[in-house]
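# Close look at the chain arrangement
Read off the chains here:
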Amino acid sequence: MHSPYDTWLTRASRHLARVEQFACSGLIIAFSVLLMVNVIARYVFNSPLFFANELAVYILIWMAFLAVSVAIHHDQHVRLTMLMGILPKTAQRICYWLTELLCVAILATILWYAIVWLRSPSVSYDIAITLDWPKRHFYLIVPLFCATSIFHLIARLSDRSRVNFILADDEE
């Protein structure tokens, strides 16, 4: 897994992805336990956890954002590479850099607006109804996702062993 061009940035990205995967695992366990306890409470004790559905939704949202960040680290997103295979290597390299930089720019824009949005008064007073918790804590996943994804992309761009897309072979 380590390349000869391994840098502190790629190592830090790998470590961050492991932390994100661990957090996803913890959230999956929490989600499963929450739903099982709610089912037992509902059908055995006839007293469901009134907050379970809302909390389950927020857990799923956090899991999804963390999983997307991990997928960005592992470069496992779907790409339309039909035309990439016929381009010369130089053009493939340029397209690789342009798409990666475009992703960084889009994520940086979302990060900026997410921070502005989280600092707005409307979010400050937004409360999760059944949990009676501020929603700001749940919304923090948006800037966190953007920051970690930008970090993974920059780490990937700094890896000199990766200069173009990994294209699928016909055998796959």
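Anything mentioned here points back to the structure above.
Attention in this report is confined to the structure presented alongside it. (Residues numbered from 1 in each chain as written. Predicted model: local features only at pLDDT ≥ 70, side-chain atom pairs only at ≥ 80, totals over all residues. Heavy atoms only, no water.)

### Let's talk about helix α6 (residues 141-158)
- Taking 1.5 Å as the rise per residue, α6 with 18 residues should run 26 Å; its terminal C-alpha atoms sit 25 Å apart, in good agreement.
- Turning to α6, its buried residues are Ile 141, Pro 143, Phe 145, Cys 146, Thr 148, Ser 149, Ile 150, His 152, Leu 153, Ala 155, Arg 156 and Leu 157. (Helix = DSSP H or I, 4+ residues; strand = E, 2+ residues; numbered from the N terminus. Expected span 1.5 Å × (residues − 1). Buried < 20%, exposed > 50% of the residue type's maximum accessible area, 1.4 Å probe, protein only.)

### As for the pattern of salt bridges
- Counting across every chain of the model gives two salt bridges.
- The salt bridge involving Arg 156 is made with Asp 75; its shortest N-O contact spans 3.5 Å. In this pair, Arg 156 sits in helix α6 while Asp 75 sits in the loop between α2 (52-74) and α3 (89-118), placing the two residues 81 residues apart along the sequence. The pair formed by Arg 156 and Asp 75 is uniform in burial state, with each residue classed as buried.
- Between Arg 156 and Glu 100 there is a salt bridge whose closest N-O contact spans 2.6 Å. Taken together, the residues Arg 156 in helix α6 and Glu 100 in helix α3 connect sequence positions 56 residues apart. Just as Arg 156 is buried, Glu 100 falls in that class too.
- Members of the salt-bridge network, linked through shared partners, are Asp 75, Glu 100 and Arg 156. (Salt bridge = Lys/Arg side-chain N within 4 Å of Asp/Glu carboxyl O.)

### Remarks on the nonpolar core
- If you look at the biggest cluster of nonpolar residues, it comprises 15 residues, and the most contacted ones within it are Leu 34, Leu 55, Ile 59, Leu 131 and Phe 138.
- Counting only elements with at least two residues in this core, the list comes to α1 (8-43) and α2.
- Of the residues forming this core, the biggest block, seven residues, is contributed by α2.
- Once you skip the residues sitting within four places of it in the chain, Phe 138 turns out to touch Leu 55, Tyr 58, Trp 62, Ala 128, Leu 131 and Trp 133.
- Within the second largest apolar cluster, eight residues are counted, among which are Val 104, Leu 107, Leu 111 and Phe 145. (Core = buried A, V, L, I, M, F, W, Y, C linked by side-chain atoms within 4.5 Å. Contact = heavy atoms within 4.5 Å.)

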